[in-house]
Amino acid sequence: MITFFLVGLTVHIVFFLSIFDIYFTSPLVHGMPPHATLLPPPASRLILIVADGLRADSLFMPLHNGSSRTPYLRSIIEEKGTWGVSHTRVPTESRPGHVALIAGFYEDVSAVAKGWKENPVEFDSVFNQSRRTWCWGSPDILPMFAKGASGDHVYTHTYPAEEEDFASTDASRLDTWVFTQVKSFFHSAKSNSSLKAYLLEDKNVFFLHLLGIDTNGHAHRPMSQQYLNNIGLVDSGVAEVVSIIEEFFNYDGRTAYVFTSDHGMTNWGSHGAGHPSETLTPLVVWGAGVQTAQRATDPQPYIDEYLQDWKLEEIRRVDVNQADIATLMASLIGIPIPVNSVGVLPLPYLNNTDHFKAQSMYTNALQVLEQFKIKMSQRKDTTLILKTTKSLVYYHTYDRFFLGCSVVLGFVGWTSYVVLLILKTHILTSLQIPNHTLARVFMCLAVAIVAFLLVQKSPMTYYIYCLLPVPVWYSVVSFFHRAMLTLGLAVLSLWPFVCGIFGRSKLRSLSWFFSCLCLAVFPLMPVMGRESNIHLMLHVVVCAYVPFLTHSSLQQKQGLPLLNQIISWTTLASSLLVPLLSSTRLFHRLLSILLSLTATYLLLSTGSEALFPPALSWLMYVWINIEQEAMLAQGVPGRQEVLSTIDFSANIDISKIRQLKLDDIRRSYFFVFFIITAFFGTGNIASINSFDPTSVYCFLTVFNPFIMGGLMMWKVIIPFIIVMCTFETIQVVTQLSSRSLFLIVLVISDLMALHFFFLVQDYGSWLDIGTSISHYVIVMSMTIFLMLLSVVTHTFTSQRLALWRRPKIHFP
């Protein structure tokens, strides 16, 4: 069994890792020469101001009295500059948004397996191509552009990470810090001759990253006064900084300004997906080389009705894609366009000669063509491709079908092997081992595959994916939408009535019926001696009250109470220890596990999902009881004693372990279905794949993506543990070998994993990509770690810790 487990573990790890070679490889290419417009640029320097998390409507929408909360930027729009909506792409997160703005390409999907703060790959950027760049802002954004730059000409100034606190009294202080630092910088440059000399050179960039709006939006929502007031503060801060910069350079008219945002935000304070509130961001450009405000004499070609809402029908609006901004900035100050940029120069923003515009467009075309030429040379293909941008996708996904077929062959072969193993164990005990001739055939096939891959100069991982099906086949010769879980639970609720258990036990059958229907409600909700357990009950009550106190304190701008934080972390740390101190009697231990895990789940809940563990546990309790009724009704040998008297720690009589029955397939299917329901029933996966820190406010409020992600993942795992403990109980009650049930679950899980393998996607929001990976990972994890988790669950249910020595007693 150990050998089988190790082989199965290896096979499934290979299957799991294959998606990162098939779907999540970097589309970026390297080795292209940079291209710049050779004509003199209109601007000597560029000021880039990014208001993180600012929605387009929040900036452009006038107040009820007709005035604006951003009078300075409104005056720029109406008189001095060109404005429009910057259309961002999913995932609408800070890193991909800033990379699109500054480097000109959209999120590298290989970043899904990389650290949030690190560069997924080295990339070129406007900062890298500049003579020098000075940056002020968040420690989560600025360092990645300094790391991506060649040389040491990108200077970053950041505040401590601890300042990014969602529970702060006013996050706008982050933006005040940036404005103060910039003003101090230019003031000190007046008396610093070497710094002043640097600043007076051309091709310089100044980047102001303003995180306050985003932080206030997460903490208080975009319609809050904190969010809206922060926008006003940014407007006045921009006006003051522009005045200081113009004075420093003696109003030479050689400074260009770009004001925009990396992404928007939903009404409930999250971002990451593709809602218009997340993808529509403001863009205001003015200064040297930029077209001044143009009056629109004809109706503008926009059907979204934003112009009327924003009272800007008479001012020409020019929308762009987010990556276009990098190309625009490079053209304004005469630096090479970032070599991986896919942006298209937005000509209406330029105020220059036709010659300059034509030369800039030509440079833009050359830069995109260089990427195509590199991709084509990598494959040495002669296919005529009409559109160079489509050819990039073609070559990037060149091996996807080939690798996908190899993995599918491995999946099907492994599943067939496990089915044969079940048949050999329980039915075909005389199954023959393949002969030597067959072994030679498969050996020749392996040699042919190796030769083919050597000719193709394929990477080492390709050999694993293609050769894995060979030994597997030698040994042989779903639910996706949450609403489907509701339908499945509704169907399962009828099981006692169909199989005849209702006539034997009406109360348990009705309890099964109503518990299934109760649990079926959750997938339809929006996304996101006898020993006493009184101490655990009190703990659950306290943990239910802590979130209320925490959110009340945050609303009153009093920060995260220290006592609440201590209770939360203590509860989390003790959730796996406390059950081990309780009795190992069946329902005593299960109740202890439930109460301990529910306490942690409550601290991580923000709404109705807090009721999910009790509803799931009710169904699991009924499942245990009704399985015993099913065994008795069918006359199958099992545990005949009262369930409450069964002890997890008691040794099971090996002689009473029975053979596999057809009904055990149904039990295994129930288990897999309940596992899927436990993961997807409340939409908790969405909270991991779309940034919304609300769930972890009881534990921390200072931004830390790794700890926050880990806490939300633990919230997802808690229902899984409840189902695993129930399945362990059913194995004890029905006296079935855990190995036999494991093999059945393995077959079902592998078939589901093969289904989800084809549904993995490398496009869309982090929510879309993350959900598709989550489905595949969860099913794969279920097969990879099922035996390991069953060992952990067995320990969790049957072991008991003695913290002190108890007196010996001679009666129960």
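Within each chain, residues carry numbers counting from 1 in the order of the written sequence. Per-residue local features are limited, in this predicted model, to residues with pLDDT of at least 70; the limit for side-chain atom pairs, both in listing and counting, is 80 or more; totals at the level of whole chains, interfaces and linings are taken over all residues. Water and hydrogen atoms play no part in the side-chain values, which are based on all heavy atoms of the structure.

Where we set the bar: UniProt positions are given in the numbering used here, feature names are shortened, and annotations may be inferred rather than shown by experiment.
Where an unreviewed UniProt entry is consulted, the chain appears under the name GPI ethanolamine phosphate transferase 1, with the organism given as Takifugu rubripes. Quoted verbatim from the Pathway (unreviewed entry) heading of the UniProt record, the comment on the chain is "Glycolipid biosynthesis; glycosylphosphatidylinositol-anchor biosynthesis."

**Digging into a nonpolar patch on the surface**
Cut-off, in case you're wondering: Residues enter patches when they are more than 30% accessible in relative terms and free of salt bridges; like-charged ones are connected within 9 Å and nonpolar ones (Val, Leu, Ile, Met, Phe, Trp, Tyr) within 5 Å. Working definition of accessibility: Shrake-Rupley area with a 1.4 Å probe, residue cover restricted to the visible protein chains. Salt bridges are identified by distance alone: a Lys or Arg side-chain nitrogen within 4 Å of an Asp or Glu carboxyl oxygen. Numbering of helices and strands runs from the N terminus, with a helix taken as a DSSP run of H or I at least four residues long and a strand as a DSSP run of E at least two residues long. Exposure is judged per residue with a 1.4 Å probe applied to protein chains only, and the accessible area is read against the type maximum: over 50% gives exposed, under 20% gives buried, and values in between give partly exposed.
A cluster of nonpolar residues, Leu494, Phe497, Val498, Leu510, Phe514, Leu517, Trp618 and Tyr621, forms a patch on the protein surface that exposes about 750 Å² of accessible area. Per element, the largest residue contribution to the nonpolar patch is three residues, and it comes from helix α22 (residues 506-520). For leucine 517, the location among the structural elements is in helix α22. Take leucine 517: its relative accessible area is 32%, and that puts it in the partly exposed class.

**Observations concerning helix α13 (residues 324-333)**
Burial within α13 is extensive, with 10 of its 10 residues counted as buried. All of the buried residues along α13 are Asp324, Ile325, Ala326, Thr327, Leu328, Met329, Ala330, Ser331, Leu332 and Ile333. Two residues or fewer past α13, glycine 334 is found with a positive phi of approximately 70 degrees.

**Here's the deal with the nonpolar core**
Heads up, the condition is: Take the buried residues of types Ala, Val, Leu, Ile, Met, Phe, Trp, Tyr and Cys, join any two whose side-chain atoms come within 4.5 Å, and each joined set is a nonpolar core.
Counting residues in each nonpolar core, the largest one holds 69 residues, and the members touching the most others are Trp512, Trp623, Phe671 and Phe674. Taken together, the elements giving at least two residues each to this core come down to α20 (482-492), α22, α25 (586-603), α26 (612-634), α27 (662-680), α29 (705-734) and α30 (738-757). Membership of the second largest hydrophobic core comes to 50 residues, among which are Phe60, Leu174, Leu228 and Val242.

**Here we look at the pairing of strand β6 (residues 255-260)**
Cut-off, in case you're wondering: Following DSSP output, two strands are said to pair if at least two bridges run between them.
Most of β6 is tucked away, with six of its six residues classed as buried. Neither face of β6 is exposed, since Thr255, Tyr257 and Phe259 on one face and Ala256, Val258 and Thr260 on the opposite face are all buried. Relative to β6, strand β1 (residues 45-51) runs parallel, the two sharing six bridges. Across the sheet, leucine 46 pairs through a bridge with alanine 256, a residue of β6. Sheet analysis places β6 next to strand β7 (residues 280-287), joined by five bridges and oriented antiparallel. The partner of threonine 260 across the bridge, within β7, is leucine 283.

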